[in-house]
Amino acid sequence: MAEFLSLQDAVSRYISNGDTVAMEGFTHLIPFAAGHEIIRQEKRDLTLIRMTPDLIYDQMIGAGCAKKLIFSWGGNPGVGSLHRLRDAVEKGWPNKLEILEHSHAAMANAYEAGAAGLPLAVLRGYVGSDLPKVNDQIKFIECPFTGERLAAVPSVRPDVAVIHAQRADRKGNVLVEGIIGIQKEAVLAAKRSIVTVEEIVDDLGASVNACVIPSWAITAIAVAPRGSRPSYALGYYDRDNAFYQEWDGIARDRETFQAWLKENVFEKTAEEGAA
Amino acid sequence: MSLEFTSSEMMSITAARALNNDMTCFVGIGLPSEAANLARLTHAPDITLIYESGTLQTRPDVLPLSIGDGELCESALTTVSVPEMFRYWLQGGHISVGFLGTAQIDRFANLNTTLIGDYREPKVRLPGGGGAPEIATNAKEVFITVKHSKRTFVKDVDFVTTVGFGRDGKARDNVPNIGKGPTVVITDLCILKPDPETKELVVTSLHPGVTRDDVIEATGWEIRFADQLDTTPEPTAQELEVLRDLKARTKAHHSGQ
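Looking at an unreviewed UniProt entry, one finds chain B named 3-oxoadipate CoA-transferase and attributed to Marinobacter profundi. The record in UniProt for chain B states the following under Catalytic activity (unreviewed entry): "3-oxoadipate + succinyl-CoA = 3-oxoadipyl-CoA + succinate". Under the UniProt heading Pathway (unreviewed entry), the note attached to chain B is "Aromatic compound metabolism; beta-ketoadipate pathway; acetyl-CoA and succinyl-CoA from 3-oxoadipate: step 1/2."

Per an unreviewed UniProt entry, chain A carries the name 3-oxoadipate CoA-transferase and comes from Marinobacter profundi. In the Catalytic activity (unreviewed entry) part of its UniProt record, chain A is described as follows: "3-oxoadipate + succinyl-CoA = 3-oxoadipyl-CoA + succinate".

Laid out in C-alpha cells, this is it:
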C-alpha cells in the first residue's frame, strides 16, 4: 500500500544521491513541486531520465543535481532552447553533464519494456539516423521469424519514478487523466515511486477504463496542490504558457537563473512552493 | 487587385494546401501545426490530426504552444498513452502523412535537429530527435516545411537525426516496411520535390515574386530547377483571413494567461 508522506519526507526518504530518477509527464502533469524539493534537498549525481527534459530538468541541471541525462527531446516546447541544459552540455556549467539521447519512440518503448519486466524493447526505428553512432545503447537485431532488422534498446528501470496526478483516494489509488503520457509505465518500471497529487478525495470518480494506478503499485503519495505549475493539471489549472516564454529570458543567463532559483525554490518550503 | 501577403503566410498557406480531407496527419509543433490547422479550417475540415502527446483526431481552436497543451486533449476524439501512440498508431501503419519542421535540411532531405558542429563538442546544441526519426520512416510519406536560408539548406547536414534519403539518396532502398519518405518540402520561397531517380531535392515551383536567384542565394548547394518550373498560386483572401485570425487568437491566448 502507498504511504502518505509530506513531499519533503518522500523525497528525503526515497531519493538518494547517485540514484537513477525518472520524472515523467508528457508536457502535462510535470512534477515541478517534487523537482523543486529535490533541488532544495541538494540531491547530487542523479541520472535523470525523461523524454522531454522541459523546464523541470533545466532547473535541476542548472542547480547541479544531475550527472547524466537520458532523453529524447530537450527543448522549451514552442519557445526554443533549454539554456541550462545547453550550458551544461556545451560549457560544463555548473558541472559536466553526460548525455544519452534517443528518439521518443525508443524511449516510450523502453519504459513500456521496463514496466513489462523485460530487459529490452524492440521497435522499427532509427533507420538511417546517426543516433546509433553516438549512443551505444542503440543496437539492431534480426527478427527470428521474418529476418527483419529491428532496433533494440535496453528497457528503462529507474531506481525512482516521480509523477504528478490529479488525485488519490484515501487508500492511495491514483487517477491520471488527460494526456497520460508515460506515467503508468514509469511507475511500474521503477523500483520505488513517488506520486504527488492535487488532492485526496473520497471517491476518484474514475470511469471504468480510466488510467488508475493502484495503491499497492505505488511507494509514496504526497499532496502538492498546483504541484505541476507551470505545466498543468487537466481539470484543475491551465498550462502557464506565458511562463514558458519568460523562462527563455530567465534561463539564458547564469545570474538571472540563480536569482530565480534562490527566490522561487531555495527561499520557499515545499508547502509554500505548492501555494 | 493582387492581395498583400508575407512570405511566411505564403509558406503556411502553400503547406496547408498540400494536405487534404482524407489524410491522417502526424503533426509536428510549430510551422507544421500552423499549416495543418489552417488546412482543417479551410479546405480540409475532416482531416485527422494527431500529435505525439497521444491526442487522436484533435481540433484545437488556437495553435498549441507545446505538443501537449490542454487544448489538444480537450478537443480530441480520444487521448492515448505515448507508447500506444508510437507503437499502435504510428508504427502500426495508420499515419498517411508525417508533417515535420527542422533546423537543417540537406540535398537528400535528411533532417538535423540535434546539433551544429561535432557531436562531442557541439557549437550549438539543438533539442534532438523527439518523434521525428520514426515519424519519417513509419508514416507513408513525409511533408516538410521550413524557412529557406543558407544556414538551414546545407549540402550535407552535420548530423542525420531523421533520415530523408540518406547521405547517398539510397537509404530507403530495399528496406522493408518503410514509408516513401519526404515527397515535398515547402519553404517561404518555393516548393521542392525529390528527383524520382536520384532523390536530390529539385525546385518545382517558385512562389509569386520569387526569382531563381533568390533560391540559389538561400541554398547551400547547387540547387537544380525542374524543366517544368511552376509558379505557386497566390493565397486567396479567405485563406489569409483564416490564417490571420488563427494567429491572432493564438497570440492572445498564450500571452493572456
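A. Layout of the overall build of chain A. When you go through chain A residue by residue, the secondary structure sums to 10 helices and 15 strands. Here the C-alpha radius of gyration of chain A, 18 Å, is about what a compact globule of 275 residues would show, namely 19 Å. On the principal axes, the C-alpha backbone points of chain A span a range of 55 × 50 × 30 Å. Within the span of chain A, comprising 275 residues, buried residues form 62% of the whole. When contacts within chain A are restricted to residue pairs at least 6 apart in sequence, those whose partners lie at least 24 apart make up 73%. When the accessible surface of chain A is summed, it comes to about 10,300 Å², and 48% of that surface belongs to carbon and sulfur atoms. Here chain A contributes 29 positively and 36 negatively charged side chains, and the mean placements of these two sets differ by 4 Å.

B. Expanded view of the domain arrangement of chain A. Residue and element names in this part refer to chain A. Annotation of chain A at the domain level lists domain 1 (3-99 + 162-273) and domain 2 (104-154). Spacing between the C-alpha centres of domain 1 and domain 2 amounts to 26 Å. Contact with domain 1, which involves 16 residues of that partner, is made by 7 residues of domain 2. Of the roughly 870 Å² buried between domain 1 and domain 2, counting both surfaces, carbon and sulfur atoms make up 77%. Inspection of the region where domain 1 meets domain 2 yields 0 salt bridges. Summed over the shared surface of domain 1 and domain 2, the result is 2 residue pairs in polar contact (both at pLDDT 80 or more). Contributions of two or more residues to the side of domain 1 that touches domain 2 are made by β4 (66-71) and α7 (183-189). With 4 residues, the single largest contributor to the side of domain 1 that touches domain 2 is α7. For the side of domain 1 that touches domain 2, the class distribution of residues is 11 nonpolar, 2 polar and 3 charged.

C. Quick peek at the interface of chain B and chain A. Listed by partner, the interface residues are 46 residues for chain B and 50 residues for chain A. Between chain B and chain A, roughly 4,000 Å² of surface is buried when both sides are summed, and carbon and sulfur atoms account for 58% of that area. It is Leu65, Arg125 and Pro127 of chain B that lose the most area in chain B upon contact with chain A, and together they represent 16% of the buried surface on that side. On the surface where chain B and chain A come into contact, there are 4 salt bridges. Asp69 of chain B is the partner of Arg239 of chain A in a salt bridge, and the nearest nitrogen-oxygen pair spans 3.9 Å. For the pair chain B and chain A, the interface holds 25 residue pairs in polar contact (both at pLDDT 80 or more). When residues of the side of chain B that touches chain A are assigned to their parent elements, the largest contribution, 5 residues, is made by helix α4 (residues 82-91) of chain B. In terms of residue class, the side of chain B that touches chain A is made up of 18 nonpolar, 19 polar and 9 charged.

D. Fine view of the sheet that holds strand β10 (residues 149-154) of chain A. Residues and elements named next belong to chain A. One open sheet holds the 3 strands; their spatial order is β8-β10-β9, and the pairing between them is antiparallel. Unpaired on one side and paired on the other, β8 (120-123) and β9 (139-142) mark the two borders of the sheet. With direction set aside, neighbouring strand axes in the sheet form an average angle of 40°. Pairing between β9 and β10: 4 bridges, direction antiparallel. Counterpart to Phe140 in the pairing with β10 is Ala151. Packed on one face of the sheet, helix α5 (residues 104-115) meets β8 and β10 and runs near 140° to β8.

E. Structural view of helix α4 (residues 83-91) of chain A. All names here are of chain A. Taken together, the buried positions of α4 are His83, Arg84, Leu85, Asp87 and Ala88. Turning to α4, the residues buried within the fold contact α3 (54-62), β4, β6 (80-81), α8 (241-252) and α9 (254-266). Once α4 ends, the next one or two residues include Gly92, with phi positive near 70°.

F. A look at the nonpolar core. In this structure, Met60 of chain A together with Leu19 of chain B are the most contacted members of the largest nonpolar core, which totals 162 residues. Per-element tally for this core: the top contributor is α5 of chain A, with 7 residues. Of the domains in this structure, domain 1 (3-99 + 162-273) and domain 2 (104-154) of chain A are the two that each give at least three residues to this core. Once residues within four sequence positions are removed from consideration, Met60 of chain A is found in contact with Met23, Gly35, Ile38, Ile39, Leu46, Leu48, Cys65 and Ala66 of chain A.

What counts and what doesn't
- Residues numbered from 1 in each chain as written.
- Chains lettered and ligands numbered in written order.
- Predicted model: local features only at pLDDT ≥ 70, side-chain atom pairs only at ≥ 80, totals over all residues.
- Heavy atoms only, no water.
- UniProt positions renumbered as here; feature names shortened; annotations may be inferred.
- Helix = DSSP H or I, 4+ residues; strand = E, 2+ residues; numbered from the N terminus.
- Rg over C-alpha atoms; globule rule 2.2 N^0.38 Å.
- Buried < 20%, exposed > 50% of the residue type's maximum accessible area, 1.4 Å probe, protein only.
- Contact = heavy atoms within 4.5 Å.
- Areas by Shrake-Rupley, 256 points an atom, 1.4 Å probe, with all protein chains shown as cover.
- Lys, Arg positive; Asp, Glu negative; His and termini not counted.
- Charge placed at Lys NZ, Arg CZ, Asp CG, Glu CD.
- Domains from an automatic or database assignment.
- Buried area = accessible area lost by both parts, 1.4 Å probe.
- Salt bridge = Lys/Arg side-chain N within 4 Å of Asp/Glu carboxyl O.
- Polar contact = N/O pair within 3.5 Å; in protein donor to acceptor, adjacent residues only side chain to side chain.
- Nonpolar A, V, L, I, M, F, W, Y, C, P; charged D, E, K, R; others polar.
- Pairing = 2+ DSSP bridges.
- Axes fitted to C-alpha atoms, helices over the stretch in contact; angles between N-to-C directions.
- Core = buried A, V, L, I, M, F, W, Y, C linked by side-chain atoms within 4.5 Å.

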